[in-house]
Structures are given as structure tokens and as C-alpha cells.
Amino acid sequence: MSRGRSEYDDPIEIVRMARLAVKEANMRATRMQAQTTQQLQQRCKDLKYWSGEIDRELADVKEEHDDLLRCYRRLQVCLDITGRANRCNENCLAVRRKKVQVGDHTSDRVDLELHKEKDLMAETVRQMKDIGSKVEKQLEVNQAARKNLLRDLTLKQEAINLDHKSVAMGVDGKSAAARTPDGDRLDYREGAPLQRMSEYSEWIENTGNNLNYAARARVHSRKIAQKLAQSVREMAQQLRTEAIAVESLLKDSVRNWQEWKDNLHSQVNAKDKEIKGADGAIEEIAFSLKQKSGPLQVALSRQNQRGLRPGIELCNDKAQHALHQELMMLKSTFLSLENQLDKAKESRKKLENDRDKLQRKLEICDHNLTIDNEILRQIRSSYPHEIQLSGFLLSETKEHR
């Protein structure tokens, strides 16, 4: 009997040991599930924390991106307004070409300043386009950073939902069949295959890289926006300073032309008075000649009449001498008056020529004065103000105050 008992174990003991093993296994499984649930909950907290960091970074990147986009639009407005200023400059130069040049045209300070303004505008447009290309590249970088963050945030939200379900399974005591992405059930292993998972360090590094890339893009975007605003403001001030110099020279030119016009007017009036005096002298000399022609005709008639005396009576007596002297005196006076008349007419002709020259200069002066007044009062009045050159339209100034 004792031999039979030694050959096999007591079934009751086996059952007891099995129950103990099952109880111990269940307790160990419960502890491990609790630990896993805690780790899953901690993981959910980590995911929420990093999701919050990504969400904040997304908001910051979006703010900087929107600010840079506003600056870019402002730059486009600046380019458009600078184009208007350039057209104003070209119109001024086109109108100035209609001027009649007096003296050396290379010494015209207004034309020199207008060409200087044109060169400054060309350089300003070039700088604006360079800044615009940098802004466009930075906007693309910002979009790429936002895209990476959005993708990372989406994946983390999905991971949070899945881990929440895993926590709920552990709390509710439910089990779910684990399948591969292909749908086949895994044998001897719960969840996805480990070889298909990334390492935790890789996960941290990927999130950190995305955040750092976005932060660098955000900082660089802010620097570009600040540089853009400062550059546009400085260029606007330079253009406005140059415009003030051009307008100042135009005012000086108008004042000089006006002074010259007044001076020419006074000279023309003086010449008119001299011509009027010369006309009076000519009329007076002509009248004197007309008066002298009568006595001269009488003296000539007497001389001819006495030349008809017959024979010895045709002698050179005192009467003949007196008649001859009278005739010579009248002829001398008549010749003198004719000479004075010729001189008076020549003098009047010179005065007329001088007046024509002055009148031509006056017409040139009036023409150039009209051109400069047209540029100053009409064309230059369309030149943009400094606040427009800075990228804000006059209608928008109240909104930006």
C-alpha cells in the first residue's frame, strides 16, 4: 500500500498546488496589469504634455507666420507705391525734356536731382525684391515647420486615444484580440511586433527636432519681419528726403525763372519806351525835312530864275552870292537832317532787334516757367507721402493708430 502511494502524488495536493499557482499567477498578472496601466496613464500624460507643447508652438509659429505674411503684403504695397513714385519721376523727366535749354544743360540741378532720385528708386526696388525673395523662402520654411508639427500633433492625438482605450481595457478587465496591420493574429505575443516599433529615444528626438525646427523658423521669421519693417521705413525716409530735395530745387527754379521773367519784362518795357522815343525822333526829323523842303525849293527856283538873265546881266553880284549861301545852307541842313534820319532809323532797327531778342528770351522763360509750375503743382502733387511709401495707405492710417 505504501509502495502504491509513493508511485503517484496525492490528487488533493495537486489540486491545492494548482490552485495556489493559479492564484499566484493571477495576483502577479493583476499587479503587472496595474503597473502597465500606470505606465499607460503616465504615457498619456507625457503625450498630452508634448501635445500641449506642440500646440503652443503651432500657435506661436502661426502668429509669426501671419505677422510675416502681413509684412510681405505690406512690402508688395510698398513696391506698388514705389512704382507710382517712379512713374511720377519719369513724367517729370519727360516734361523737363520739353524745356528750352539756356546755356549748359548739364548744369541743370533739377535734372541732376531727378536722375539721382530715379537711381535711388531703382536701388530701392532692387532691395525690396531681394527682401521679398527672402520672405517668400521663409514663408515656405514656416509652412514646412507647421506641417511637421501638425503631423506630429495628429499622430500624438491618435496615440492618446489608443492608449486611453488600452487604459480602459485594463480598468474594465476586458481583453482585445491583437492583430497585425495585415489582420493576422499574433501567436505568443500581445500587441504589435517589437521590431516594428521605434525606440523611445527616437520618438523624443523626432519631437524635439520638430519643435526646434519650428522654433528656429519662428525666430528667423521674427528677425526677417523686423528687418523688413526697418528697411522699408528707412527706404521710405530716403525717398521722401530725395523728393523734398527735388521739390525744393523745383521751387528755386520757379523762383529764378520768375525773377528772370520779371527782369525781362522790365527790359522789354524799357526797349518799348526807347523805340517809342526813336519813333518820335524820326517823326520830328521827317517833319523838319518836310519844313525845310519848301525854302529849299524856293532857293533853287530863284537860282534857276536868275540863271536866265541875258548877256552881261548874268553876273555874280551880291544878290547871287546871298542866294548861293542861302542855297548851300539849306542843302547842308537838309543833308544833316537826312543823315540824322538815317541814324535814327538804324538806331530804331537795332532797338527792334534787341527787343525781339528780349521777347524771345521772355517766351523761353515763360515756357520753362510753365513747365516747372506744371511739374511742381500737378505731377509732383501725385508723389506718394512717406506713410504711403512705408506700406500704409492714407485710408489705413486710422486703423493702424
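- The name an unreviewed UniProt entry assigns to the chain is Tektin, from the organism Caenorhabditis angaria.
- According to UniProt, the comment filed for the chain under the heading Sequence similarities (unreviewed entry) is "Belongs to the tektin family."

## Details of the overall build of the chain
Okay, so step 1: Helix and strand content of the chain: seven helices and zero strands.
Okay, so step 2: Each helix (α) and strand (β) of the chain, taken in turn from the N terminus, gives the series α-α-α-α-α-α-α.
Okay, so step 3: For the chain, buried positions account for 31% of its 401 residues.
Okay, so step 4: Across the chain, every contact between residues at least 6 apart in sequence was considered, and the portion connecting residues at least 24 apart equals 87%.
Okay, so step 5: Accessible surface for the chain amounts to roughly 26,900 Å². Of this, 52% is attributable to carbon and sulfur atoms.

## Some details on the confidence of the model for the chain
Okay, so step 1: Scored by pLDDT, the chain comes out at a mean of 79, with 76% of its residues at no less than 70.
Okay, so step 2: Of all helices and strands in the chain, the one with the weakest mean pLDDT is helix α7 (residues 397–400) (39), whereas helix α3 (residues 109–172) scores best (87).
Okay, so step 3: Considering only residues more than four positions removed or in separate chains, one finds that residues 174–189, a stretch of pLDDT under 50, has 17 contacts.
Okay, so step 4: Contacts for the low-pLDDT stretch residues 393–401, under 50 throughout, to residues beyond four places or in other chains number eight contacts.

## Re the side chain of N373
Okay, so step 1: Locating N373 in the fold gives a position in helix α5 (residues 318–379).
Okay, so step 2: Apart from residues lying up to four places away in sequence, N373 is in contact with V254 and Q378.

## A closer look at the side chain of E117
Okay, so step 1: The topology assignment puts E117 in helix α3.
Okay, so step 2: Here the side chain of E117 touches N89 through a polar contact of 2.7 Å, side chain to side chain.
Okay, so step 3: Separated by 3.5 Å, the side chains of E117 and Y383 make a polar contact.
Okay, so step 4: Apart from residues lying up to four places away in sequence, E117 is in contact with N89, E242, A243, V246, R380 and Y383.

## Comments concerning the pattern of salt bridges
Okay, so step 1: In total, this model carries 23 salt bridges according to the counting rule given.
Okay, so step 2: Residues R222 and E64 are paired through a salt bridge, measuring 3.2 Å at the closest nitrogen-oxygen approach. Here E64 lies in helix α2 (residues 11–96) and R222 lies in helix α4 (residues 200–306), a separation of 158 residues in the sequence.
Okay, so step 3: Of the charged contacts, one joins D111 and R96 as a salt bridge, the two residues approaching to 2.9 Å between their closest N and O atoms. Linking D111 in helix α3 with R96 in helix α2, this pair joins segments that are 15 residues apart in sequence. No difference in accessibility class separates D111 from R96, as the two residues are buried.
Okay, so step 4: Bridged by salt links that share partners, the residues R96, K99, D108, D111 and D372 form one connected network.

## Some points on the environment of Q359
Okay, so step 1: Its place among the elements puts Q359 in helix α5.
Okay, so step 2: Given a relative accessible area of 24%, Q359 falls into the partly exposed group.
Okay, so step 3: Sequence spacing of Q359 and H265 is 94 residues, and the spatial spacing of their C-alpha atoms is 8.4 Å.

## Notes on the nonpolar core
A general tendency of soluble globular proteins is for nonpolar side chains to be buried together.
Okay, so step 1: The biggest cluster of nonpolar side chains holds 17 residues, and the ones touching the most others in it are C92, L114, I375, I379 and Y383.
Okay, so step 2: Contributions of two or more residues to this core are made by α2, α3, α4 and α5.
Okay, so step 3: In contact with I379, other than residues within four places in its own chain, are C88, N91, C92, V95 and E374.
Okay, so step 4: By size, the runner-up hydrophobic cluster in this structure holds 14 residues, among which are M128, L139, I224 and M235.

## Regarding the environment of A245
Okay, so step 1: Examined against the element boundaries, A245 turns out to sit in helix α4.
Okay, so step 2: Considered as a pair, A245 and E117 are 128 residues apart in the sequence and their alpha carbons are 9.4 Å apart.

## Here's the deal with the state of the cysteines
Here a disulfide denotes one covalent bond, and it connects the sulfur atoms of two cysteines.
Okay, so step 1: Counting across every chain of the model gives zero disulfides.
Okay, so step 2: For C88, which is in no disulfide, the shortest distance to another cysteine sulfur is to C92 and amounts to 4.4 Å.

## Here's the deal with the packing of aromatic side chains
Okay, so step 1: Scanning all chains against the criterion turns up two aromatic pairs.
Okay, so step 2: Relative to W50, the ring of Y49 lies with its centre 5.3 Å away and its plane at 75 degrees, an arrangement referred to as edge-to-face.
Okay, so step 3: Residue Y49 is classed as partly exposed on the basis of its relative accessible area of 48%.
Okay, so step 4: Here W257 and W260 contribute two aromatic rings whose centre-to-centre distance is 5.4 Å and whose plane-to-plane angle is 35 degrees, an arrangement assigned as tilted. On the criterion of helical spacing, the pair formed by W257 and W260 is a turn pair, its members being three residues apart in helix α4.
Okay, so step 5: Judged by relative accessible area, W260 falls into the partly exposed class, the value being 26%.

## Side note on the environment of L358
Okay, so step 1: Tracing the sequence through the fold places L358 in helix α5.
Okay, so step 2: Considered as a pair, L358 and V268 are 90 residues apart in the sequence and their alpha carbons are 6.3 Å apart.

About the thresholds
Residues numbered from 1 in each chain as written. Predicted model: local features only at pLDDT ≥ 70, side-chain atom pairs only at ≥ 80, totals over all residues. Heavy atoms only, no water. UniProt positions renumbered as here; feature names shortened; annotations may be inferred. Helix = DSSP H or I, 4+ residues; strand = E, 2+ residues; numbered from the N terminus. Buried < 20%, exposed > 50% of the residue type's maximum accessible area, 1.4 Å probe, protein only. Contact = heavy atoms within 4.5 Å. Areas by Shrake-Rupley, 256 points an atom, 1.4 Å probe, with all protein chains shown as cover. pLDDT = per-residue confidence, 0-100. Polar contact = N/O pair within 3.5 Å; in protein donor to acceptor, adjacent residues only side chain to side chain. Salt bridge = Lys/Arg side-chain N within 4 Å of Asp/Glu carboxyl O. Core = buried A, V, L, I, M, F, W, Y, C linked by side-chain atoms within 4.5 Å. Disulfide = S-S within 2.5 Å. Phe/Tyr/Trp six-rings, centres within 6.5 Å; stacked < 30°, edge-to-face > 60°.

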